[in-house]
Amino acid sequence: MKVRALYIALPGSDPVDCYVRVHSKFNAIGGLIASSDFAEREEVEPKILFMRSEIPVPARNAVISISTDEAYRLAVVSEPDGLTITATATRLLGSELAGLPVPEGA
């Protein structure tokens, strides 16, 4: 499922309309997943999937704005995989969202 977004490469730069797919993957921290006797935790690591035709080279620290309450800062950008590129991201919270442009109709 893709969602409409704005790609903002640098603060103050013109946003680029695009579509992205947001994945939230749960990674177990610790090596004893099968045992319920030990403390385990899961960590959410958002990933953003881009079409190379829309954003050919996503930049580290670029912002993906989806709505007034959902935006992400890109961290590690992987090598292209066919038609797509995947980047790990951090969700922006609170004051970081203030003033970000959002896609039309969001």
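Here we summarise the structure given alongside this text. Residue positions are counted from 1 within each chain, in the order its sequence is given. Local features in a predicted model are, by the rule used here, given only for residues with pLDDT of at least 70; side-chain atom pairs are given and counted only at 80 or more, and totals for whole chains, interfaces and linings are based on all residues. Hydrogens and water are ignored here; the side-chain numbers use all heavy atoms of the structure.

### Topic: the layout of surface pockets
Over the atoms rolls a probe the size of a water molecule, and its path tells where empty space is left.
At step 1: Residues are said to line a cavity or pocket when one of their atoms sits within 4 Å of a point; the points come from a 1 Å grid over protein atoms alone, cavities being sets where a 1.4 Å probe fits but cannot get out and pockets being open sets with protein on both sides within 12 Å along at least five of seven lines. Grid points are joined across faces, edges and corners, and a volume is the space filled by probe spheres set on the points. Estimated volume of the largest pocket: approximately 180 Å³.
At step 2: Lining the largest pocket we find 14 residues, and of these Ile8, Pro11, Val63, Arg73 and Leu100 sit closest to its centre.
At step 3: Charged means Asp, Glu, Lys or Arg here, nonpolar means Ala, Val, Leu, Ile, Met, Phe, Trp, Tyr, Cys or Pro, and polar covers whatever is left, Gly included. A class-by-class count of the residues in the lining of the largest pocket yields 9 nonpolar, 3 polar and 2 charged.

### A short note on the environment of leucine 93
At step 1: Strands here are runs of E lasting at least two residues and helices are runs of H or I lasting at least four, both read from the DSSP assignment and numbered beginning at the N terminus. Tracing the chain through its elements places leucine 93 in the segment after β6 (84-91).
At step 2: Throughout, exposure labels follow a simple rule: accessible area from a 1.4 Å probe, protein chains only, divided by the maximum for the residue type, with under 20% read as buried, over 50% as exposed, and the rest as partly exposed. Relative accessible area serves as the criterion here: at 57%, leucine 93 is assigned to the exposed category.
At step 3: Between the C-alpha atom of leucine 93 and that of aspartate 69, which follows or precedes it by 24 residues, the distance is 7.9 Å.

### A look at the packing of aromatic side chains
At step 1: Paired rings are identified among Phe, Tyr and Trp, the last through its six-membered ring, by centres lying within 6.5 Å, and are further divided according to the angle between planes into stacked (under 30 degrees), edge-to-face (over 60) and tilted (the rest). Scanning all chains against the criterion turns up 1 aromatic pair.
At step 2: Consider the rings of tyrosine 7 and phenylalanine 50, whose centres lie 6.3 Å apart with planes at 90°: the pair is edge-to-face. With tyrosine 7 in strand β1 (residues 3-8) and phenylalanine 50 in strand β3 (residues 41-51), this pair connects stretches of sequence that are 43 residues apart. Residues tyrosine 7 and phenylalanine 50 agree in their burial class; the two are buried.

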